[in-house]
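Each chain, letter by letter, is given below.
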Number of protein chains: 4
Amino acid sequence: MRSPMRFFSDNAATVCPQVMDALARANRVDTAYDGDALSQSLDRAFSELFAREVAVVWTSTGTSANALALALLCPPFGAILCHDEAHVMMDECGAVEFYTGGARLMGCVGEGAKLTPDILAARIAAIRPDVHRMQPRAVTIANATEYGLAYAPAEVAAIGAFCKERGLGLHMDGARFANAVAFLGCSPADVTWRAGVDALSFGFTKNGAMNAEALVLFDPALADEARIRRKRAGHLLSKGRFIAAQLLAMIEDGLWLAHASAANDAARIIAAAAGDRLMHEVEANELFIRLTAAEAARLRAGGFDFYDWGEGAARLVTSWNHAVSDVEPLAAALASL
Amino acid sequence: MRSPMRFFSDNAATVCPQVMDALARANRVDTAYDGDALSQSLDRAFSELFAREVAVVWTSTGTSANALALALLCPPFGAILCHDEAHVMMDECGAVEFYTGGARLMGCVGEGAKLTPDILAARIAAIRPDVHRMQPRAVTIANATEYGLAYAPAEVAAIGAFCKERGLGLHMDGARFANAVAFLGCSPADVTWRAGVDALSFGFTKNGAMNAEALVLFDPALADEARIRRKRAGHLLSKGRFIAAQLLAMIEDGLWLAHASAANDAARIIAAAAGDRLMHEVEANELFIRLTAAEAARLRAGGFDFYDWGEGAARLVTSWNHAVSDVEPLAAALASL
Amino acid sequence: MRSPMRFFSDNAATVCPQVMDALARANRVDTAYDGDALSQSLDRAFSELFAREVAVVWTSTGTSANALALALLCPPFGAILCHDEAHVMMDECGAVEFYTGGARLMGCVGEGAKLTPDILAARIAAIRPDVHRMQPRAVTIANATEYGLAYAPAEVAAIGAFCKERGLGLHMDGARFANAVAFLGCSPADVTWRAGVDALSFGFTKNGAMNAEALVLFDPALADEARIRRKRAGHLLSKGRFIAAQLLAMIEDGLWLAHASAANDAARIIAAAAGDRLMHEVEANELFIRLTAAEAARLRAGGFDFYDWGEGAARLVTSWNHAVSDVEPLAAALASL
Amino acid sequence: MRSPMRFFSDNAATVCPQVMDALARANRVDTAYDGDALSQSLDRAFSELFAREVAVVWTSTGTSANALALALLCPPFGAILCHDEAHVMMDECGAVEFYTGGARLMGCVGEGAKLTPDILAARIAAIRPDVHRMQPRAVTIANATEYGLAYAPAEVAAIGAFCKERGLGLHMDGARFANAVAFLGCSPADVTWRAGVDALSFGFTKNGAMNAEALVLFDPALADEARIRRKRAGHLLSKGRFIAAQLLAMIEDGLWLAHASAANDAARIIAAAAGDRLMHEVEANELFIRLTAAEAARLRAGGFDFYDWGEGAARLVTSWNHAVSDVEPLAAALASL
């Protein structure tokens, strides 16, 4: 089902038929929790995708994936460096503080919600290294970022090298990881573990799944603790096979990448129409555009829905199922403003 | 799909067709999180079922429902009285400690995993009322209990009155609430808020849903905090409509009760065959029977699966989709041991 | 014992003779914890000082007093507004996160480490009021501030009114409360509960005690929870009478105020010599002055000790036992730079 | 000052003159927190006492020492095996749950509050090793125990070997460690690290100090985290030299051992008079005796004070400053009952 007029969020999009079919196929009696055959095959499936041994812990929300990952990488008394506008900082209601047992998110300023080794180094330099100050223990970056930019493998690798040098864990919030990979044209490995990422929240829900995310641990030794923490957080679903089935359906035949490419393509068409209105490059499926209140009202009068993004700006998000023809009306409306 | 030979757990059973259909119907674009029309209608639907205003917070696991409820009812420095073998104590990996921020579960002994005001009073009497000891602030009981017994309305009401007198919150773990109500033949209201229950974890997953539980708050004033805590715990799914849809499908036309009745009926047939082997009355869909290792081996050789339950005992659980004919082979096999 | 050359911190100063005498007098057998006669008399003594009924919980560090207070005023999922350079943010290693169970400190910018209703209102306006964002539940201000400025009663009252309007608790970190009151010439009541403060960390250690702070609760209904949380945090000392004795010795005959006045006087003498070098008004016993590295080296060569405060700046702190004659050498040295 | 009639608790006893003198000597300007010369010398002083390199973290309560130690040895999702009547379980208001971030204390039954490898093995055997159950990660024992019994080096070594085999950390609550060592006549090393203890809460407050305990870490690699956690818990006192001074005064010349021996001697005299009334061997400075309500009343009428210990029993505790002549009146009164 297409939704040509709605650009609120990929979060609210429909579920793709392949996932619906996979749910139907998974509807058989099996072992509970993650003892079923589908869950048990995830490590292997993702290890292939990432071209190395990984451990995968399924969960049903990005927030839990992020918070679990950071609890693995940062002790309760440590700090986690992130962007000031990171999702973990702004939109997860303190899940990181909850899961870590009181660690602190320390925000950094950076163009397009991106961090660099220099930004991180400057932030750390301001922290006197004694017991009175909370000391950083981990870094989290989002790829794509909250402003729809992609970190290229070299950019991640620079941060990865910095983290290794400083003894910091590195987490990637990949709620739109597929969109970033689709844009970059790299392998999933290049922009993650080969670049120093320890744990990835690999999002599928925004990309056509119903409620399935993969916490990918590039150090499989972290898996046991991750599975304990997932259970303790109430995220070990009884019928976990229905989550695993979604992930497998989307990994198979590259569906995850095809979906993300489609959403990116749709965004690019709108971006071309938006021209100078663009506040950030469009590298994934999010657009941030300058739009006066009057212009926003005109678009809405035309039936288009989207979020205001502060004074004089709007956010539009395309979805896995936006065909080119679906977004042309919006592109035309934007061009004619 | 029937599973005549498997009696491990209703946790692993299939999802009923009505729920699968509801998921298909819910597969349309809508508002994310719990802003969709289905989620928004839950309060009303459950208020009807419980014959009073209630607030309902959906979640996808019983563990999260229980832990959220107890975090609402007990401060981090309080204690929660429960049965020694309560699911929250034995099988949730410290979720209650996590969600409450360090409250303590205090176990009590009681036949059939049941508590009474006398048991609670004796436990409390042993706690010197000063700041050195953790003081009870809440009680949690399971209905049906972990041994498949049902608390009748009068039994709950006695506990409810005790809790009110002592200033304790009262939570009911209703992972098999439907089975208890089906056995008792009472209204859901009679055995909950009318009996002094403050919050109910109303389970649907074991009863035919995919991954949907309802935290029912009989004091709607608790709803805001519950929703914040759910988000913070990473349990606010993006496409929440797919959880709400399951709950609504099972509430409608009394499907929840019909399913539970069927599972109870199947259990009763096996119980009749088990005779003196029964370790507890069979009031829901769980059977605990005396079974030597040799007898267990013979049943398994016959193709039946179930859990050992310590030395010389076994647990068998029937499911919503066990027809009478499905369990007759097991009944016959038991009778012929 | 004077320390004419050391201006590192009042934190490191000696203990006054009256407190040492009080410790000797308290060295008798008595009830343990806070059951002793001295501890039991604190509520009354501080109620007199504050001209209303208050409850006082002694503790031995300012960090624990602050963290206990904020845990009383803010739930684990709430946010606490403070200044970016607040001691709770910068120098307490996440104690607030620990004690609250994961609440978040949200920093605000403000001249001289001071907040105003406008600053607070702007910070809150940026927070979308939904479950995804952490919502403020409390405000904490320091009086005197981290830059040695005093909030006048009217300034606190403006913040207090704002907090009441927004449903926020208000805590005052009074590590140098005595210095602020000595500067303001007001009654302790005027700048606390009459101005809307709910809880005050009233510092005595920097002001001549050994290890004694008073958490003053203007709502005595908070006392029970405060005492439980103190015990749970391991801050209920067995021989609590030795903490209570210090507080009583310093309250009696206004010693707390006399000490603070002396420290303030000493600071003013240095301030007069510092002239244009002052980065902030000197309203308590801290001085922040512009000082090149060469100038700092010259002072140190002259035997004076103090902290550098970033590039080209230094912090100097006077203590309760700095007589005017003690600080004249430093004043002269500064003037002659 | 002697207290011949008071046998409530060593917790409430006076402070010895050597400690009072040490406080007076420490009353000079020095570096704040634990940067002072006294604090800095603790590692060396205790390393000598324990005949190996140790790291020592001072704190002012036994509860904080215990909770810090267990937070070092057990993750938030782990369990800690202890005796059902352990102080950490019964009298610390959930400090362990607080400091660990939600770990669970699992009580074991054992005569005289003592544990053995068999008891521990049986407790663990009941825990299914999967993510649903909290898995033990540490053991804590008290020496002397809550019933005044001492674990001999061989007994601790048996537990230590068990813990090593099972991958469990081992903590010793030594609130009355000096009394145990005085009874055993062994070296402090024999009953701690040589027997497999990882961390010791070494109590001084009950033994003549004012408010000073040493958390002794036999693996100095734990020290950094311990110091961070101490600060975060608000236990890093500004004028820490006054805590360090107490510890040093009591270590010097074996004062700690002399005090404990005196208390033990006094207890033995009373024990001899109590005869068959004794409920446990008297190996430290605590006596648990059978005493009817009428007998207790007669003793109290004679001026003696002590705690009732449930129905028909009483607890009496001697202190470091009980001379033989001080306790003879009680011994006589007991004998004449």
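Placed above this text is the structure.
Residues numbered from 1 in each chain as written. Chains lettered and ligands numbered in written order. Predicted model: local features only at pLDDT ≥ 70, side-chain atom pairs only at ≥ 80, totals over all residues. Heavy atoms only, no water.

Colleague: How should I be thinking about the overall build of chain A in this particular structure?
Modeller: Summing up its helical and strand segments, chain A has 14 helices and 10 strands in all. Expected size for 337 residues packed as a compact globule is a radius of gyration near 20 Å; at 20 Å, chain A falls within 12% of this value. Referenced to the eigenvectors of the C-alpha coordinate spread, the extents of chain A come out at roughly 55 × 55 × 30 Å. When burial is assessed residue by residue, chain A has 65% of its 337 residues classed as buried. Excluding contacts between residues fewer than 6 apart, the proportion of contacts in chain A whose partners are at least 24 apart in sequence is 75%. Of the accessible surface of chain A, which amounts to about 10800 Å², a share of 53% is contributed by carbon and sulfur atoms. The centroid of the 30 positive side-chain charges in chain A is displaced by 4 Å from the centroid of its 39 negative side-chain charges. (Helix = DSSP H or I, 4+ residues; strand = E, 2+ residues; numbered from the N terminus. Rg over C-alpha atoms; globule rule 2.2 N^0.38 Å. Buried < 20%, exposed > 50% of the residue type's maximum accessible area, 1.4 Å probe, protein only. Contact = heavy atoms within 4.5 Å. Areas by Shrake-Rupley, 256 points an atom, 1.4 Å probe, with all protein chains shown as cover. Lys, Arg positive; Asp, Glu negative; His and termini not counted. Charge placed at Lys NZ, Arg CZ, Asp CG, Glu CD.)

Colleague: Help me out: how do you make sense of the relation of the copies chain B and chain D in this one?
Modeller: Two copies of one chain are present, and they are related through a rotation about an axis combined with an axial shift. The operation relating chain B to chain D is a screw motion whose rotation component is 180°, with 0.0 Å of axial translation and a residual RMSD of 0.0 Å. Taken together, the turn and the small shift mark the pair as related by a two-fold rotation axis. Considering only C-alpha atoms, the part of chain B nearest the rotation axis is Gly102(B), at 2.3 Å. Of the interface residues in chain B, 100% have counterparts in chain D that sit at the interface too, so the contact is made through matching surfaces. (Least-squares fit on C-alpha atoms with pLDDT ≥ 70 in both.)

Colleague: Even after reading the chapter, I still don't get the interface of chain D and chain C, so can you show me in this structure?
Modeller: By a frequent convention, interface size equals the accessible area lost on bringing the separate parts together. With 48 residues of chain D in contact, the opposing surface of chain C contributes 48 residues. Taken together, the connections running from chain D to chain C amount to zero salt bridges. Class assignment for the residues of the side of chain D that touches chain C results in 22 nonpolar, 16 polar and 10 charged. (Salt bridge = Lys/Arg side-chain N within 4 Å of Asp/Glu carboxyl O. Nonpolar A, V, L, I, M, F, W, Y, C, P; charged D, E, K, R; others polar.)

Colleague: I'm lost on the interface of chain B and chain D in this one. Help?
Modeller: Counting residues at the interface gives 16 residues for chain B, matched by 16 residues for chain D. Across the chain B to chain D interface the summed buried area is about 1400 Å²; carbon plus sulfur atoms make up 42%. Its largest share of buried area at the contact with chain D, chain B owes to Cys93(B), Glu97(B) and Arg104(B), together 35% of the area lost on that side. Put simply, chain B and chain D have six salt bridges between them. Residue assignment for the side of chain B that touches chain D shows that the elements contributing at least two residues are helix 5 (87–90) and strand 3 (104–108) of chain B. (Buried area = accessible area lost by both parts, 1.4 Å probe.)

Colleague: What am I meant to see in the side chain of Ser60(D) here?
Modeller: As for its placement among the helices and strands, Ser60(D) is situated in the loop between strand 1 (55–59) and helix 4 (62–73). Those residues within four positions of Ser60(D) in sequence are excluded, and the remaining contacts are Ser60(C), Leu237(C), Asn211(D), Ala212(D), Glu213(D), His235(D), Leu237(D) and Ile243(D).

Colleague: Which parts of the structure should I look at to understand the pattern of salt bridges?
Modeller: Pairing between side chains of opposite charge can happen when the charged atoms of each approach one another. Within the structure shown, the criterion is met by 76 salt bridges over all chains. Here Arg28(A) makes a salt bridge to Asp30(A), at a shortest N to O gap of 3.5 Å. The buried category is assigned to Asp30(A), whose relative accessible area is 12%. Of the charged contacts in the structure, one is a salt bridge between Arg230(C) and Asp34(C), with a shortest N-O distance of 2.7 Å. Here the residue Arg230(C) occupies a position in helix 10 (residues 223–232), and Asp34(C) occupies one in the loop between helix 1 (17–25) and helix 2 (37–40), the gap between them amounting to 196 residues.

Colleague: Would you mind showing me how to read the relation of the copies chain D and chain C here?
Modeller: With an axial shift of 0.0 Å and an RMSD of 0.0 Å, the rotation relating chain D to chain C amounts to 180°. Of the interface residues in chain D, 100% have counterparts in chain C that sit at the interface too, so the contact is made through matching surfaces.

Colleague: What is the right way to read helix 4 of chain D from this model?
Modeller: Residue and element names in this part refer to chain D. In a regular helix each residue adds 1.5 Å, so 12 residues correspond to 16 Å; helix 4 covers 17 Å between its end C-alpha atoms and thus fits that length. By the criterion of burial, helix 4 is predominantly enclosed, with 11 of the 12 residues buried. Turning to helix 4, its buried residues number three or more, namely Thr-63, Ser-64, Ala-65, Asn-66, Ala-67, Leu-68, Ala-69, Leu-70, Ala-71, Leu-72 and Leu-73. (Expected span 1.5 Å × (residues − 1).)

Colleague: How should the packing of aromatic side chains be read in this particular structure?
Modeller: One pair of aromatic rings is described through two measures. These are the centre distance and the angle between the planes. Counted according to the given criterion, the structure contains 54 aromatic pairs over all chains. Ring centres of Phe98(A) and Tyr99(A) lie 5.6 Å apart, and the angle between their planes is 85°; this geometry places the pair in the edge-to-face category. Judged by relative accessible area, Tyr99(A) falls into the buried class, the value being 3%. Between the aromatic rings of Phe46(D) and Phe202(D), the centroid separation amounts to 6.0 Å while the plane-to-plane angle is 85°, which identifies the pairing as edge-to-face. (Phe/Tyr/Trp six-rings, centres within 6.5 Å; stacked < 30°, edge-to-face > 60°.)

Colleague: Honestly, the sheet that holds strand 8 (residues 286–290) of chain B in this entry has me stumped. Any pointers?
Modeller: Two orientations exist for strands paired in a sheet by backbone hydrogen bonds: parallel and antiparallel. Residue and element names in this part refer to chain B. Ordered in space as 8-10-9, the three strands form an open sheet in which the pairing is antiparallel. The sheet terminates laterally at strand 8 and strand 9 (307–308), the two strands that pair on one side only. One ladder, built from two bridges, connects strand 9 with strand 10 (residues 313–317); its direction is antiparallel. The residue of strand 10 that forms the bridge with Tyr-307 is Arg-315. (Pairing = 2+ DSSP bridges.)

Colleague: What's the story with helix 10 (residues 223–232) of chain D in this structure? I'm lost.
Modeller: For helix 10 of chain D, the buried fraction is high: seven of the 10 residues fall into the buried class. Listed as buried for helix 10 of chain D are Ala223(D), Ala226(D), Ile228(D), Arg229(D), Arg230(D), Lys231(D) and Arg232(D). Of the surrounding secondary structure, the elements contacted by the buried residues of helix 10 of chain D are helix 4 (62–73) and helix 6 (95–100) of chain C together with strand 1, helix 4, helix 6 (95–100) and strand 7 (213–217) of chain D.

Colleague: Mind showing me how you'd approach the sheet that holds strand 9 (residues 307–308) of chain D here?
Modeller: All names here are of chain D. Strand order in this open sheet of three strands is 8-10-9, and the pairing throughout is antiparallel. Bordering the open sheet on either side are strand 8 (286–290) and strand 9, each of which pairs with just one other strand. In terms of strand pairing, strand 8 meets strand 10 (residues 313–317) through five bridges, oriented antiparallel. Bridge pairing in strand 10 places Ile-289 opposite Ala-314.

Colleague: Looking at this structure, I do not really get the pairing of strand 6 (residues 199–203) of chain B. What am I missing?
Modeller: Across a regular strand the side chains alternate sides, sitting on one face of the sheet and then on the other. All names here are of chain B. Across the five residues that make up strand 6, a large majority, five, are buried. Across the two faces of strand 6 the burial is the same, with Ala-199, Ser-201 and Gly-203 and Leu-200 and Phe-202 all buried. By the bridge criterion, four bridges tie strand 5 (residues 169–174) to strand 6 in an arrangement that is parallel. By the bridge assignment for strand 6, Asp-173 is matched with Ser-201. Following the chain from strand 5 across helix 9 (residues 177–184) to the adjacent parallel strand 6, one finds a crossover that is right-handed. As defined by bridge partners, strand 6 adjoins strand 7 (residues 213–217) across five bridges and the pair is classed as antiparallel. The partner of Ser-201 across the bridge, within strand 7, is Leu-215. (Right-handed = clockwise from strand over helix to strand, strands pointing away.)

Keep in mind that these numbers describe shape and distance, not what the molecule does.
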